[in-house]
Amino acid sequence: MIRVVIAEDQGMVLGALASLLALEPDIDVVGRAPDGLAALDSVRSLAPDVLLSDIEMPGLTGIEVAARLTEERSPTRVLIVTTFGRAGYLRRAIGAGVCGYLLKDSPADKLADAIRQVARGGRVIDSSLAATAAFAPPDPLTDRERAVLRLAQDGQSNKEIARTLELSPGTVRNYLSEAAAKLGASNRIEASRIAREQGWL
């Protein structure tokens, strides 16, 4: 049996994925996680063969979870299933150690086959997205700039971001200015929009 943990913050989608995979005779859903931190805890405690994860989740994104697991040398392999068909996300996911990347509009049988292939040590990447990613511009943001932009996008002030990330407000201001300059944006809102459209957030 292939042991799988599913990480998805939308309850209905989480339930649907679990029900879908329950129909497969060789796949056992051993855990469900509603956010990135719970996904990380579930993988650490349950040691599944595959973590099936969304990207955008509270706490940690699916890409950040994959990066943590890679750092920890976890044997669990990560398969991303997302609505975001953006080259920037795919590049960051591969850099974080993700073994598979599928879009949620893929056929149901393709998901089960992807889990089997990833569990066997293979890689599965949506073919149309892989072709797009080959010609996409590289991500210019640092991890810290990305974190600051993500919080700015959520409406946090420089002081609130500084408290969250344990930085000074001046340092936050510098990160926002550097990110905006790299993206050719006139302000933090435009910088966040550009970064999100490219899949860099």
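Before reading on, note that the structure itself is shown above.
Rules used in this analysis
Residues numbered from 1 in each chain as written. Predicted model: local features only at pLDDT ≥ 70, side-chain atom pairs only at ≥ 80, totals over all residues. Heavy atoms only, no water. Helix = DSSP H or I, 4+ residues; strand = E, 2+ residues; numbered from the N terminus. Buried < 20%, exposed > 50% of the residue type's maximum accessible area, 1.4 Å probe, protein only. Polar contact = N/O pair within 3.5 Å; in protein donor to acceptor, adjacent residues only side chain to side chain. Contact = heavy atoms within 4.5 Å. Pairing = 2+ DSSP bridges. Axes fitted to C-alpha atoms, helices over the stretch in contact; angles between N-to-C directions. Expected span 1.5 Å × (residues − 1). Arc of directions from axis to C-beta. Parallel < 35°, antiparallel > 145°, perpendicular 65-115°, else oblique. Left-handed = near helix turned anticlockwise from the far one by under 90°. Nonpolar A, V, L, I, M, F, W, Y, C, P; charged D, E, K, R; others polar.

Novice: Could you give an account of the side chain of Glu8, naming the residues involved and the relevant values?
Specialist: Tracing the sequence through the fold places Glu8 in the loop between strand E1 (2–7) and helix H1 (11–22). With relative accessibility at 1%, the residue Glu8 sits in the buried group. A polar atom in the side chain of Glu8 sits 3.0 Å from the backbone nitrogen of Gln10. Leaving out residues up to four positions away in the same chain, Glu8 has contacts with Val13, Leu14, Ala33, Pro34, Asp54, Met57 and Lys104.

Novice: Kindly report on the sheet that holds strand E5 (residues 100–103), identifying the contributing residues and their values.
Specialist: On the basis of which strands lie adjacent, the open sheet formed by six strands has the order E2-E1-E3-E4-E5-E6 and parallel pairing. At either margin of the open sheet sits one strand with a lone partner, and together these are strand E2 (27–33) and strand E6 (124–125). The pairing of E1 with E2 spans six bridges and is parallel. Bridged to Val4 within E2 is Val29. Against the sheet, H1 contacts E1, E2 and strand E3 (50–53), and its axis sits at roughly 165 degrees relative to E2.

Novice: Explain the environment of Ser19 to me, using residue names and the numbers behind them.
Specialist: In this structure, Ser19 sits in helix H1. The spacing of Ser19 and Ala152 is 133 residues in sequence and 37 Å in space, taken between C-alpha atoms.

Novice: I'd like a rundown of the environment of Pro48, residues and numbers included.
Specialist: In this structure, Pro48 sits in the loop between helix H2 (36–46) and E3. Pro48 gets classed as buried once you look at its relative accessible area, which sits at 3%. Separated by 76 residues in the primary sequence, Pro48 and Val124 have C-alpha atoms spaced 18 Å apart. Not counting chain neighbours up to four residues away, the residues in contact with Pro48 comprise Arg3, Val4, Val5, Val30, Ser42, Val43 and Thr76.

Novice: So, H1: which residues are in play, and what are the values?
Specialist: Quick reminder: α-helices carry 3.6 residues per turn. Residues three or four places apart thus point the same way. The terminal C-alpha atoms of H1 lie 16 Å apart, and with twelve residues this matches the ideal 16 Å at 1.5 Å per residue to within 8%. All of the buried residues along H1 are Leu14, Leu17, Ala18 and Leu21. Buried residues in H1, looked at end-on, bunch into an arc of 95 degrees, giving them a common side. For H1, the elements touching its buried residues are E1, E2, E3 and helix H5 (108–119).

Novice: Please set out the packing of helix H7 (residues 143–153) against helix H8 (residues 158–165) residue by residue, giving values where relevant.
Specialist: One can describe the packing of H7 onto H8 by two numbers: an axis separation of 10 Å at closest approach and a directional angle of 130 degrees. It follows from the interaxial angle that H7 and H8 lie oblique. The interaxial crossing formed by H7 with H8 has right-handed handedness. Only Ile161, Thr164 and Leu165 of H8 make contact with H7, whose side of the interface consists of Arg144, Ala147, Val148, Leu151 and Ala152. Its residues assigned to classes, the contact of H7 with H8 comprises six nonpolar, one polar and one charged.

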